[in-house]
Amino acid sequence: MKISINDILIDNDIYPRTRKSQQTIDQYVEALRAGAQFPSIECQRISIDGTEQIIILDGLHRWEAYKKAQPELGENSDFSQIEAHFWKDEVLDKKENLNLLRLRSAALNSQHGDRMTNADYQSLAEKIARDDPDHKLSSETIAKEWGLRPRTVRDWVQSIRAKQKAKRDRIIFKLSMLGWSTREIAEVVGIDYSNISRVLQNGEIAKMQQAISDWLSQGKTVEEAAEKLEIDATLAWAIHLCGKSDIERLADLGVSLKLYDDWSFQGCDARLGISYPGRIPGQLVINTLYYYTVPGDLVIDPMAGGGTVVDACLLMGRKCYAYDIEPVRKDIKKHNIEASLPPGSDECNLMFIDPPYWSMLDEQYSDESVSSKTLDDFNKWLEKLASDCYVTLKPGAKLAFLIQNQTEKNIPEGKYYLDHVFTAQKNFVDAGFKMVRRINCPLSTETFTPQREAKMKGIKITERSEIEGIALARYYPKRLKRLHYWDEFSRDLYQFKKYYDVALIEKLAKGLAEVLRATGRTFDIATHPPPSRARLYYPCSHLAQIVSTELDLDLLDCLRWAGGKGESQKKRVGRMKLARLYEAVECTSDLSGLDILLLDDICTTGITLSKCQEALKFAGAESCFSAVLGWTVSEDKSGFKRAF
Ligand SMILES: C[S@@+](CC[C@H](N)C(=O)[O-])C[C@H]1O[C@@H](n2cnc3c(N)ncnc32)[C@H](O)[C@@H]1O
């Protein structure tokens, strides 16, 4: 077949020769003039982003000779068209077939004409290896095609392959720490699952943990260790935190525990999630995991975006499966939540949903995103989502839903803003969920400095937009009426509470002191005021005395009930439910700059602890941690409305 020489292109990404020989071209031109016939050149039709091209795979010097000879003889000369054939009849997508095209082109060029240089082969072998992270083409295959020794090709690509293997192993470590099975990991990284077990058993994680700890003992940071180990900082942190308690993890990460229902953060934590439209601060997810899950729990994120929830789970030792309609990371699988809730939803302990806030960032998401619906359809979808979640989630599972009211665009005529928070809350509660806690999470641009707040006086509240999150627990009205029981540890406490077994509280208090010693922190200790004057024995005071003696810490006597000494417990609890900040408990000392440890024996709703913490903070305490001997739990573990 004849093809016009002007229709043919050379693609330097595919064609293997970096240099052409002018001498060979001139010799060919001479031969053409003398009437020589050349074998046909090999070409291929390829498509690049939908545009078709004909590229040359073999016969560069013949084609160049035609191009040089043709102008001398004019448009209609014999040399305006060249004898050519196509490697494959069909049009090949360049991206999908890049390495096969390179392999073919070099194989043809290695067989005749001017010899390709070693540098040409090496550069192409490196390109092939770099663009083949899943190792589909072995060095042996490349060497066979090009007539080279396998060892030579292996040496050329060795360092690229080693880096790729290390990168792949890191993905395997990450996914396994997130609780994925070897088969699931194998599917993502594209290698046999028996090899996954081999990677996981090679002791590399333990070696990295040791290396990070050595590095830290030299006063360096985890980020510096990550750079040295050539791993990403999030994985380095996850390895470093392995085996630590939640509180130790929060302290090491420097993430503050939010005590009130206003969770403001200064921007996104670089270790949690990648840059993504609508990315949320990872500290928010860490707080949610702390309050509503325990280590090893399974978390599902069906609309994962840049993977903030995945990374938070990794750092907090929770299992996680994340999905998105358009995944941008290997640890996020493709799934459309409109079709169904993703696999694993019925097993999870927490589902964290952060959907698009209707059309706010629509142009930045995929065409199939729920953000492209009409407002009516978006609301219908939300309603269906709530009932699907209620039907699917197991009893006791929690659901965190994060949504922002829309004030800036696409506001229908006659409305000032779209109250997505209210709509979502109503849908979930109507579906049967019990609302446990509603949390305001203003964007860092929406949290006001005192100066700004002063300026804002007089401006209507509706002009301030907020992100609000709500956390919900599944709720069975019939079961809620039943009496709660005490879990294994608290069963002992019940014994103590009932019979005032003082020896037992000593044993438990010493156990708590051990736990606190392990944190390596020093505090001043406070406990809530005695519950009632009628009692002769105050277990909390006794607990605080034992812990302060064991740890040699100062014991403060600074908290008083705001209702006065004579107030009954029932009246006080009722008043505390209504009370704001320091109206429930008062602190009689100035605690400026002190780190306070607040002790209590048993936490049921957490309201006493949270009111005491408010009072301590109000008195200037720098930080305030609470420690209790046990929690009361209800039969389905979700029957109590906890204050935190
Ligand atoms: C607000 S973003 C999530 C941001 C994420 N939390 C982060 O911190 O990076 C909402 C996500 O929902 C995804 N999404 C929209 N429609 C979806 C659908 N039908 N199924 C699954 N994901 C969807 C979008 O692709 C987007 O990534």
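Everything in this summary refers to the structure shown in the same document.

Conventions used here
- Residues numbered from 1 in each chain as written.
- Predicted model: local features only at pLDDT ≥ 70, side-chain atom pairs only at ≥ 80, totals over all residues.
- Heavy atoms only, no water.
- Helix = DSSP H or I, 4+ residues; strand = E, 2+ residues; numbered from the N terminus.
- Buried < 20%, exposed > 50% of the residue type's maximum accessible area, 1.4 Å probe, protein only.
- Contact = heavy atoms within 4.5 Å.
- Areas by Shrake-Rupley, 256 points an atom, 1.4 Å probe, with all protein chains shown as cover.
- Polar contact = N/O pair within 3.5 Å; in protein donor to acceptor, adjacent residues only side chain to side chain.
- Near = heavy atom within 4 Å.
- Nonpolar A, V, L, I, M, F, W, Y, C, P; charged D, E, K, R; others polar.
- Axes fitted to C-alpha atoms, helices over the stretch in contact; angles between N-to-C directions.
- Expected span 1.5 Å × (residues − 1).
- Phe/Tyr/Trp six-rings, centres within 6.5 Å; stacked < 30°, edge-to-face > 60°.
- Pairing = 2+ DSSP bridges.
- Core = buried A, V, L, I, M, F, W, Y, C linked by side-chain atoms within 4.5 Å.
- Disulfide = S-S within 2.5 Å.
- Salt bridge = Lys/Arg side-chain N within 4 Å of Asp/Glu carboxyl O.
- Right-handed = clockwise from strand over helix to strand, strands pointing away.

## A few points about the overall build of the protein
So, point 1. Across its full length, the protein carries 23 helices and 19 strands.
So, point 2. The buried share of the protein, reckoned over its 644 residues, is 46%.
So, point 3. Relative to all contacts within the protein whose residues are 6 or more apart in sequence, the contacts with residues 24 or more apart total 72%.
So, point 4. Only carbon and sulfur atoms are counted for the fraction: they give 50% of the accessible area of the protein, which is about 32,600 Å².

## Examining the side chain of H61
So, point 1. Residue position: H61 is located in helix α2 (residues 60-73).
So, point 2. Accessibility expressed as a relative area gives 7% for H61, which makes it buried.
So, point 3. Here S21 takes part through its backbone nitrogen, which lies 2.9 Å from a polar atom of the side chain of H61.
So, point 4. In contact with H61, not counting residues within four places along its chain, are R17, K20, S21, T24, I25, Y28 and D114.

## Regarding the site of the ligand
So, point 1. Neighbouring residues of the ligand: 21 residues in total, closest Y276, T308, D324, N336 and D354.
So, point 2. Between G306 and the ligand, the recorded distance is 2.8 Å, taken from a backbone N or O atom to an oxygen atom.
So, point 3. With respect to the ligand, the side chain of T308 contributes an N or O atom lying 2.6 Å from an oxygen atom.
So, point 4. Within the complex, the protein chains bury 99% of what would otherwise be the 600 Å² of accessible surface of the ligand.
So, point 5. Its residues placed into classes, the shell around the ligand shows 11 nonpolar, 7 polar and 3 charged.

## A short note on the packing of helix α12 (residues 246-253) against helix α14 (residues 308-316)
So, point 1. For the pair α12 and α14, the least separation of the axes is 10 Å and the interaxial angle reads 115 degrees. Contacts between α12 and α14 involve D246, R249 and L253 from the first element and L314, L315 and M316 from the second.
So, point 2. Grouping the constituent residues of the contact of α12 with α14 by class yields 4 nonpolar, no polar and 2 charged.

## Comments concerning helix α15 (residues 375-392)
So, point 1. With 18 residues, α15 ought to run about 26 Å at 1.5 Å a step, and its terminal C-alpha atoms sit 25 Å apart, in line with that.
So, point 2. Along α15, the positions that sit buried rather than exposed are L375, F378, W381, L382, L385, A386, C389 and Y390.
So, point 3. Looking at the packing, one finds that the buried side of α15 touches β10 (350-353), β11 (398-404) and α16 (420-431).

## Details of the packing of aromatic side chains
So, point 1. The final tally for this structure, using the stated rule, is 12 aromatic pairs.
So, point 2. Residues W180 and Y321 carry aromatic rings whose centres are separated by 5.6 Å and whose planes lie at 35 degrees to one another, so their mutual orientation is tilted. Taken together, the residues W180 in the loop between α6 (150-177) and α7 (182-189) and Y321 in strand β8 (residues 319-324) connect sequence positions 141 residues apart.
So, point 3. Here F428 and F433 contribute two aromatic rings whose centre-to-centre distance is 5.7 Å and whose plane-to-plane angle is 70 degrees, an arrangement assigned as edge-to-face. No difference in accessibility class separates F428 from F433, as the two residues are buried.
So, point 4. Of the aromatic side chains, those joined through ring pairs into one cluster are W263, Y290, Y291 and Y292.

## Quick word on the pairing of strand β4 (residues 51-58)
So, point 1. Pairing analysis gives 2 bridges linking strand β2 (residues 8-9) to β4, with the strands arranged parallel. If you follow L9 over to β4, its bridge partner there is I55.
So, point 2. Pairing analysis gives 7 bridges linking strand β3 (residues 41-48) to β4, with the strands arranged antiparallel. Along β4, the bridge assignment pairs S47 with E52.
So, point 3. Following β3, the chain reverses through 2 residues before pairing antiparallel with β4; D49 in that reversal takes a positive phi of roughly 45 degrees.

## A look at the nonpolar core
So, point 1. Counting residues in each nonpolar core, the largest one holds 89 residues, and the members touching the most others are L385, C389, L399 and F401.
So, point 2. Counting residues per element, this core draws most heavily on α15, at 8 residues.
So, point 3. Counting 20 residues, the second-largest nonpolar core is a separate cluster that includes Y15, L32, I56 and F86.

## Looking at helix α23 (residues 607-618)
Along an α-helix, a turn takes 3.6 residues, which lines up residues three or four apart on a common side.
So, point 1. Helix length check: α23 (12 residues) gives 16 Å between terminal C-alpha atoms against 16 Å at 1.5 Å per residue, within 8%.
So, point 2. In terms of residue burial, α23 counts as a mostly covered element, since 9 of its 12 residues are buried.
So, point 3. Within the span of α23, buried status applies to I607, L609, S610, K611, C612, Q613, E614, A615 and L616.

## What about the state of the cysteines?
So, point 1. As enumerated under the stated definition, the model contains 0 disulfides in all.
So, point 2. There is no disulfide at C624, and the cysteine sulfur nearest it, in C612, is 8.6 Å away.
So, point 3. For C624, a relative accessible area of 7% puts it in the buried group.

## Quick look at the pattern of salt bridges
So, point 1. Enumeration according to the criterion identifies 29 salt bridges in this entry.
So, point 2. Its salt-bridge partner being K94, residue D11 comes within 3.0 Å of it at the nearest N-O pair. With D11 in the loop between β2 and α1 (22-33) and K94 in helix α3 (residues 94-109), this pair connects stretches of sequence that are 83 residues apart.
So, point 3. Judged by its relative accessible area of 12%, D11 falls in the buried class.
So, point 4. The exposure class assigned to K94 is buried, which follows from its relative accessible area of 15%.
So, point 5. In this structure, the salt-bridge partner of D131 is R102, at a minimum N-O distance of 2.9 Å. Taken together, the residues D131 in the loop between α4 (118-130) and α5 (139-146) and R102 in helix α3 connect sequence positions 29 residues apart.
So, point 6. Given the relative accessible area of 1%, R102 is considered buried.
So, point 7. By sharing partners, the salt bridges in this structure join D11, D13, K94, R102 and D131 into a single network.

## Regarding the environment of I5
So, point 1. Its place among the elements puts I5 in the loop between β1 (2-4) and β2.
So, point 2. Sequence separation between I5 and K67 is 62 residues; the distance between their C-alpha atoms is 6.9 Å.
So, point 3. Discounting chain neighbours no more than four positions away, the residues touching I5 are W63, Y66, K67, Q70, F79, S80, Q81 and I82.

## Brief notes about the pairing of β10
So, point 1. Across the two faces of β10 the burial is the same, with L350 and F352 and M351 and I353 all buried.
So, point 2. Where strand β7 (residues 298-301) and β10 come together, 2 bridges link them in parallel fashion. Counted as the bridge partner of V299 is L350 from β10.
So, point 3. With 4 bridges joining them, β10 and β11 adopt parallel strand pairing. Bridge pairing in β11 places F352 opposite A400.
So, point 4. With respect to chirality, the unit in which β10 leads through α15 into the neighbouring parallel β11 is right-handed.

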